[in-house]
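Residue-level listing of the chains:
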Amino acid sequence: MSERILGIETSCDETAAAVVRGGREVLSSVVHSQIDEHAEYGGVVPEIAGRSHLRELTGIADRALEEAGLGLEDLDAVAVTTRPGLIGSLLVGVSTAKGLAYGTGLPLVGVHHIEAHVYAATMECESAPYPCIALVVSGGHTALYRAESPLEHTLLASTLDDAAGEAFDKVAWLLGLPYPGGPSVSALAREGRPDAIAFPRYRAADGGGGFSFSGLKTAVLYHLRGGDALAPTPPPERITDRADVAASFEQAVVDSLVDETFRAAGREELDTILVAGGVACNRRLREEMTRRGSEDGRTVVFPSPAYCTDNAVMIAGLGTELLRAGRTCGWDLDASPR
Amino acid sequence: MAPEDDLVRTFLCRSPEETRVLGRSLGAVLEGGTVLALHGDLGSGKTCFTGGVALGLGIEDPVTSPTFALLATYEGRLPLQHFDAWMEGRERAFLADGGADCLAGEGVAVVEWAERVEEWLPRPYLRAVLEHRGETERAVRLSVVGEGARGASLRACLAALEARGGALEGPAAGGIP
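Residues numbered from 1 in each chain as written. Chains lettered and ligands numbered in written order. Predicted model: local features only at pLDDT ≥ 70, side-chain atom pairs only at ≥ 80, totals over all residues. Heavy atoms only, no water.

1. What to know about the environment of A:Glu268
Residue and element names in this part refer to chain A.
So, point 1. Here Glu 268 lies in helix H8 (residues 242-268).
So, point 2. Residue Glu 268 is classed as partly exposed on the basis of its relative accessible area, which comes to 25%.
So, point 3. C-alpha separation for the pair Glu 268 and Arg 146, spaced 122 residues apart in sequence, amounts to 7.9 Å.
So, point 4. Discounting chain neighbours no more than four positions away, the residues touching Glu 268 are Ile 133, Arg 146 and Leu 156.
So, point 5. In this structure the side chain of Glu 268 is engaged in a polar contact, spanning 2.9 Å, whose partner is the side chain of Arg 146. (Helix = DSSP H or I, 4+ residues; strand = E, 2+ residues; numbered from the N terminus. Buried < 20%, exposed > 50% of the residue type's maximum accessible area, 1.4 Å probe, protein only. Contact = heavy atoms within 4.5 Å. Polar contact = N/O pair within 3.5 Å; in protein donor to acceptor, adjacent residues only side chain to side chain.)

Structure below.
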């Protein structure tokens, strides 16, 4: 089967369109990052993101078709991210996709952004890795799923407070490092010792699953205050062990993610683990996951970095699976923040 | 002392669970149209307290940090709008661009890091200052800021909360040693 699907992704601060054939073969992928537009605010501003998507999306979609050497008439469906994400941003993608589908008579497919991240991790595999455990970890999400197929996901655990990427952002702020915190903390961590400070690793008390990074963030704060919860927080330039804090913090996050994921794999008796989302770019996470995998005899699969962050290839890819399953949508297709 | 601080109730929470319970007690008595401004350091329990408020509003979905999305909406006895002004430039841009309308809704608006966007908050509003007192201990100081038609009902919420027990100090205490 070689359906050609146009995918559209506008859930956050990337405007993306891609054409994928047969669910795996990437004919084109265009990603326009808005990062420069949000940089002065230190994070994504929803209204600015929505307007930027509105301005850029048509041109991005045209470019994706042009680079694929196709016209709208050559497509078999239009797939679009419907949830979760920033509602104003999602609506730009959904209404554009509806317009394209209505104007051409093509089927319309709504795609769940997180499930698409999981699918992205499978697109470069030679054979389908199902059933498997999937860890999705990014600035806005930290969750573990059991995936039976590209279309069947059961949520096993998620974060009780902060997403892993957000914990990086907040510790970066304490250490005087720029946003986004993932890359900046990791870069400083390379100069420090990951075993210098024994930060806590959260583990659910009842033996169940779940992530929590709020306690770790507070432990970093108390460490910076010299172990005195009531002392003032020192300015970043007065912190003498910044690299050790960065390295020990990063190690604590990675240990929590790795331990919880392998515990879930053990409980569910699954031998394959997919890791997806922006934090899947983290070097230490990739190393530790791979090391534990070879110790435990489990296969750990990461997407290429370009498919860890938001993109439309994964939307077109999972959209193909949905189309094959007959799960197309009507004109009442709506977006949802969660 | 400023007139707006004439009524301060201070509660001591010895664990995250107690912080959540205090939030739940408050959530149970809040009326529609209330803005609750949360002040406090990283790790002082703002999201935990908000999780309790959500429980008190009859919201079943777990409340997680709103930092990434800036605003999370939950449905319960009253809708809850959960804001986060941690990145203040971003929050100001958001409020200036229509986000402030959500503060004047029919439900309850909780704003974390509210000290960074104070001038945007419609008065009167409830303020909760969360302070580190120890590894897991937090002091929560609740007060009504500003005058207006709704001031009396906000003060009644604080009185109801105090009647449930737990307030360390009464009117005009202003803080704890």
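Resuming the write-up.
2. Some points on the domain arrangement of chain A
All names here are of chain A.
So, point 1. Domain annotation of chain A identifies domain 1 (4-119 + 308-324) and domain 2 (129-302).
So, point 2. One C-alpha centre belongs to domain 1, the other to domain 2, and the line joining them spans 28 Å.
So, point 3. On the side of domain 2, 16 residues touch domain 1, which itself brings 14 residues to the contact.
So, point 4. Interface area, domain 1 with domain 2, both sides summed: about 1300 Å², of which 77% is carbon and sulfur.
So, point 5. Area buried by domain 1 at its contact with domain 2 is led by Ile 114, Val 118 and Cys 308, which between them contribute 45% of it. (Domains from an automatic or database assignment. Buried area = accessible area lost by both parts, 1.4 Å probe.)

3. Quick word on the interface of chain B and chain A
So, point 1. Contact with chain B, which involves 27 residues of that partner, is made by 30 residues of chain A.
So, point 2. Looking only at chain B, the three residues that lose the most surface to chain A are B:Leu42, B:Phe68 and B:Trp86, adding up to 27% of its buried area.
So, point 3. Along the contact surface separating chain B from chain A lie two salt bridges.
So, point 4. The partner of A:Arg338 in a salt bridge is B:Asp61, and the shortest N-O contact between them spans 3.6 Å.
So, point 5. One can count seven residue pairs in polar contact (both at pLDDT 80 or more) joining chain B with chain A.
So, point 6. If you list the elements that add at least two residues to the side of chain B that touches chain A, you get strand S3 (71-74) and helix H3 (88-96) of chain B. (Salt bridge = Lys/Arg side-chain N within 4 Å of Asp/Glu carboxyl O.)

4. Some thoughts on the packing of aromatic side chains
So, point 1. In this structure the tally under the stated criterion is five aromatic pairs over all chains.
So, point 2. With a centroid separation of 5.1 Å and 80° between ring planes, the pair formed by A:Phe168 and A:Phe249 is classed as edge-to-face. Remark: A:Phe249 occurs in helix H8 and A:Phe168 occurs in helix H5 (residues 164-174); sequence separation between them is 81 residues. The residues A:Phe168 and A:Phe249 share a single accessibility class, namely buried.
So, point 3. Each ring, one from A:Trp173 and one from B:Trp113, has its centre 6.3 Å from the other, and the planes form 75°; the classification is edge-to-face. Here the residue A:Trp173 occupies a position in helix H5, and B:Trp113 occupies one in the loop between strand S5 (108-112) and strand S6 (125-132), the pair thus bridging two chains.
So, point 4. A residue is classified by how much of its surface remains accessible, and A:Trp173, at 42% relative accessible area, is partly exposed. (Phe/Tyr/Trp six-rings, centres within 6.5 Å; stacked < 30°, edge-to-face > 60°.)

5. Some remarks on the sheet that holds strand S4 (residues 77-83) of chain A
Residue and element names in this part refer to chain A.
So, point 1. In space, the five strands of this open sheet follow the order S3-S2-S1-S4-S5, with mixed pairing throughout. Each end of this open sheet is capped by a strand with a single partner; those strands are strand S3 (25-33) and strand S5 (108-112). Neighbour to neighbour, the strand axes of the sheet diverge by 20° on average, direction disregarded.
So, point 2. Of the pairings in the sheet, the one linking strand S1 (residues 4-9) to strand S2 (residues 14-21) comprises six bridges and is antiparallel in character. Bridging across to S2, Leu 6 finds its partner in Val 19.
So, point 3. Sitting on the sheet, helix H2 (residues 46-68) touches S1, S2 and S3, and the angle it makes with S2 is about 25°.
So, point 4. This element, helix H3 (residues 87-104), spans S1, S4 and S5 of the sheet and lies at about 160° to S4. (Pairing = 2+ DSSP bridges. Axes fitted to C-alpha atoms, helices over the stretch in contact; angles between N-to-C directions.)

6. Considering the environment of A:Ser248
All names here are of chain A.
So, point 1. Tracing the backbone shows Ser 248 in helix H8.
So, point 2. Each C-alpha atom of the pair Ser 248 and Leu 323 lies 45 Å from the other, and the pair is 75 residues apart in sequence.
So, point 3. Residues contacting Ser 248, with those up to four places away along its chain left out, are Arg 193, Pro 194, Asp 195, Ala 196, Ile 197 and Phe 199.
So, point 4. Here Arg 193 takes part through its backbone oxygen, which lies 3.1 Å from a polar atom of the side chain of Ser 248.

7. Some thoughts on the pattern of salt bridges
Residue and element names in this part refer to chain A.
So, point 1. Under the defined criterion, the tally for this structure stands at 28 salt bridges over all chains.
So, point 2. Lys 217 is the partner of Asp 162 in a salt bridge, and the nearest nitrogen-oxygen pair spans 3.0 Å. Highlighted residues: Asp 162 in the loop between strand S8 (152-158) and H5 and Lys 217 in helix H7 (residues 214-224), separated in sequence by 55 residues.
So, point 3. Using a relative accessible area of 1% as the deciding quantity, one classes Asp 162 as buried.
So, point 4. Lys 217 gets classed as buried once you look at its relative accessible area, which sits at 7%.
So, point 5. As a salt-bridge pair, Arg 298 and Asp 296 come within 3.9 Å of each other at their nearest N and O atoms.

8. Points about unusual backbone geometry
Residue and element names in this part refer to chain A.
So, point 1. The omega torsion across Arg 83 and Pro 84 is -20°, close enough to zero to call that bond cis.
So, point 2. Summarising the element assignment, Pro 84 is placed in the loop between S4 and H3.
So, point 3. Put simply, Tyr 130 and Pro 131 share a cis peptide bond, and its omega is -10°.
So, point 4. Not every positive phi belongs to a glycine, and Glu 269 is a case in point at roughly 55°.
So, point 5. Structurally, Glu 269 can be placed in the loop between H8 and strand S9 (272-276).

9. So, the packing of H5(A) against H7(A)
All names here are of chain A.
So, point 1. Two elements in contact, H5 and H7, have axes whose closest approach is 10 Å; the angle formed by their N-to-C orientations is 10°. Between H5 and H7, the angle falls in the class roughly parallel. The segment H5 lies against H7, with Lys 170, Val 171 and Leu 174 engaging Lys 217, Val 220, Leu 221 and Leu 224.
So, point 2. Tallied by class, residues from the contact of H5 with H7 come to five nonpolar, no polar and two charged. (Parallel < 35°, antiparallel > 145°, perpendicular 65-115°, else oblique. Nonpolar A, V, L, I, M, F, W, Y, C, P; charged D, E, K, R; others polar.)

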